[in-house]
Amino acid sequence: MIIKQIKLRNFRNFENCNVYFNENLNILTGLNGQGKTNLLESIVFLSTTHSHRLNEEIKLIMHNKELSNIECIYKDNIEYNIGAIIHQKGKTLLKNKQIVSKSSDFIGLLNVILFSPSDINIFDDSPKERRKLINLEITKVNKKYLYSLNKYQKLLKERNILLKSNKIDEIYLETINEQLIENQIVILEERYKFVEIINEYISIYFKKLVDDDINLKLEYIGCVKNDDNIKENLNKMYKLSYEKDRITQNTNYGIHRDDIIFKMNDENVNDIASQGQRRLVVMALKLSLIDYIKFKINKIPVLLLDDVLSELDINKQQNLLKCINDNIQTIITTSVIHESLKKLNRNLNIQNINSGKIITKEDK
């Protein structure tokens, strides 16, 4: 996938802005607070239909404006035009100027991988945030997973409401359990497959980034194992947890409680890794996601790196840039042009952002 152009109208601090990108490496420079991250946020919004920075979409609209418009022209064998209008009542999604009624039909049309400085919080965040990461990446490439996840969340609410009632309809509870199991099988199988594919690549990237022979892997901590008895094991899970669920009036086990942990040489990253190592662990994960998406849908996503170079020394910067193939369109934000970028033997599309306005200069 190649983003050719982004048009922003009343988005954050961009009142009226057109940004053009080349197929390889694009550098967005500018002082802090000028709009570099805002521009990446608009691209992420078109990929996932959500901001990665806030929950209230109305705050994306420029102050004193009624609505905001994001439009993207990108190439994926052929050229597409997708967009989003953010207004007081929500958002309207568009593909080739036609309204897309369901978000599930829009998510992943433009596939991007973002590294943001806040991503390092994943190690200290709750399991819910780590599940969000998995869900986000899988839903971009698997509509069945998205359907099962949405269905599961609705059924889970119904089950918890039922558990709070004075007299439980056991037949209705069993029906909900059966439907929960059906959707959990889809979710579990895909989550375990996600971890399996990521683990084929993440250690390779990490070793290249750190210049050291350190093994890195993900481990999925699931409510049940992914084996031939998965349905039977889920049934047992609900039977064994029934009394506890009744007492707590809540569903205590299931895929909504699962977690992932990162391990370096078989030790939990949380226990042994420095801040610098944690940052490179996340970077190795993001690079692995490119291979995951390619494996699942045979497409190469766009890579967005938000202020990643400033936190790395010159050697780590060079290691990172060596890991990014020329066939991956990459957009990097930075306050200064680092030495590692100047040493690259590639055409750079350098654009300066100043108060929501773009100044382009070519460095060839």
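This text goes with the structure placed above it.
Please read these numbers as outputs of a predicted model, since none were measured by experiment.

Undergrad: Give a detailed account of the overall build of the protein chain, specifying residues and quantitative values.
TA: What the protein chain contains, in helices and strands, is ten helices and 15 strands. Relative to the globule expectation of 21 Å for 364 residues, the C-alpha radius of gyration of the protein chain, 22 Å, shows essentially globular dimensions. Along the three orthogonal principal directions, the C-alpha set of the protein chain runs to about 70 × 55 × 35 Å. Considering the protein chain as a whole, with its 364 residues, one finds that 53% of them fall into the buried category.

Undergrad: An account of the nonpolar core is requested, with residue identities and associated values reported.
TA: In terms of nonpolar packing, the biggest core is built from 79 residues, with Phe 194, Phe 206, Phe 262, Leu 287, Leu 305 and Leu 320 touching the most fellow members. The element that contributes the greatest number of residues to this core is helix H4 (residues 170-210), accounting for 17 residues. With near-sequence residues (within four places) excluded, Phe 206 lies in contact with Ile 214, Leu 216, Met 264, Gln 277, Leu 280, Val 281 and Ala 284. Core analysis: the second largest hydrophobic core is formed by 36 residues, Leu 39, Leu 110, Val 112 and Ile 331 among them.

Undergrad: Describe the sheet that holds strand E2 (residues 14-20), and please don't skip the residues or the numbers.
TA: Spatially, E2-E1-E4-E5-E6-E7 is the arrangement adopted by the six strands of the open sheet, whose pairing is antiparallel. Since the sheet does not close on itself, it has two edges, and those belong to E2 and strand E7 (98-100), each with one partner. Here the average twist between neighbouring strands, direction ignored, is 20°. With seven bridges connecting them, strand E1 (residues 2-11) and strand E4 (residues 68-76) associate as antiparallel partners. Looking at E4, one finds that Gln 5 is bridged to Ile 73.

Undergrad: I'd like a rundown of the pairing of E2, residues and numbers included.
TA: Relative to E2, E1 runs antiparallel, the two sharing six bridges. Paired with Ile 6 across the strands is Val 19, a residue of E2. Where E1 hands over to E2, the hairpin turn is made up of two residues, of which Arg 12 adopts a positive phi near 55°.

Undergrad: Got a sec to walk through the sheet that holds strand E9 (residues 216-221)? Specific residues and values, please.
TA: Strands sit in the order E9-E10-E11 across an open sheet of three strands; the sheet is antiparallel. Two strands lie at the open edges of the sheet, namely E9 and strand E11 (267-268), each paired on one side alone. In terms of strand pairing, strand E10 (residues 259-264) meets E11 through two bridges, oriented antiparallel. Residue pairing in the sheet places Lys 263 in a bridge with Asn 268 of E11. Lying on the sheet, helix H8 (residues 275-297) is in contact with E9 and E10; it crosses E10 at an angle near 115°.

Undergrad: Quick rundown of a negative patch on the surface? Include the residues and the values.
TA: Among the surface-exposed residues, Asp 169, Glu 170, Glu 174 and Glu 178 lie close enough to one another that they form a single negatively charged patch. Note on placement: Glu 170 falls in helix H4. With relative accessibility at 41%, the residue Glu 170 sits in the partly exposed group.

Undergrad: I'd like to hear about the layout of surface pockets, residue by residue, with values.
TA: Estimated volume of the largest pocket: approximately 1,600 Å³. What lines the largest pocket is a set of 47 residues, among which Lys 128, Glu 129, Lys 132, Leu 133 and Leu 136 lie closest to the centre. Within the residue set of the lining of the largest pocket, elements represented by two or more residues are helix H1 (36-48), strand E8 (112-115), helix H2 (127-139), helix H3 (143-163) and H8. With nine residues, H2 is the single largest residue contributor to the lining of the largest pocket. Across the lining of the largest pocket, the residue classes break down as 17 nonpolar, 15 polar and 15 charged. Empty space within the second largest pocket amounts to approximately 200 Å³. Surrounding the second largest pocket, 15 residues form its lining, Met 1, Asp 76, Gly 108, Leu 109 and Lys 299 being those nearest its centre.

Cut-off values and rules
Residues numbered from 1 in each chain as written. Predicted model: local features only at pLDDT ≥ 70, side-chain atom pairs only at ≥ 80, totals over all residues. Heavy atoms only, no water. Helix = DSSP H or I, 4+ residues; strand = E, 2+ residues; numbered from the N terminus. Rg over C-alpha atoms; globule rule 2.2 N^0.38 Å. Buried < 20%, exposed > 50% of the residue type's maximum accessible area, 1.4 Å probe, protein only. Core = buried A, V, L, I, M, F, W, Y, C linked by side-chain atoms within 4.5 Å. Contact = heavy atoms within 4.5 Å. Pairing = 2+ DSSP bridges. Axes fitted to C-alpha atoms, helices over the stretch in contact; angles between N-to-C directions. Patch = residues over 30% accessible without salt bridge, like charges linked within 9 Å, V, L, I, M, F, W, Y side chains within 5 Å. Areas by Shrake-Rupley, 256 points an atom, 1.4 Å probe, with all protein chains shown as cover. Salt bridge = Lys/Arg side-chain N within 4 Å of Asp/Glu carboxyl O. Lys, Arg positive; Asp, Glu negative; His and termini not counted. Charge placed at Lys NZ, Arg CZ, Asp CG, Glu CD. 1 Å grid on protein atoms, 1.4 Å probe; cavity = no way out; pocket = protein on both sides within 12 Å on 5 of 7 lines; lining within 4 Å. Points joined across faces, edges and corners; volume = space filled by probe spheres on them. Nonpolar A, V, L, I, M, F, W, Y, C, P; charged D, E, K, R; others polar.

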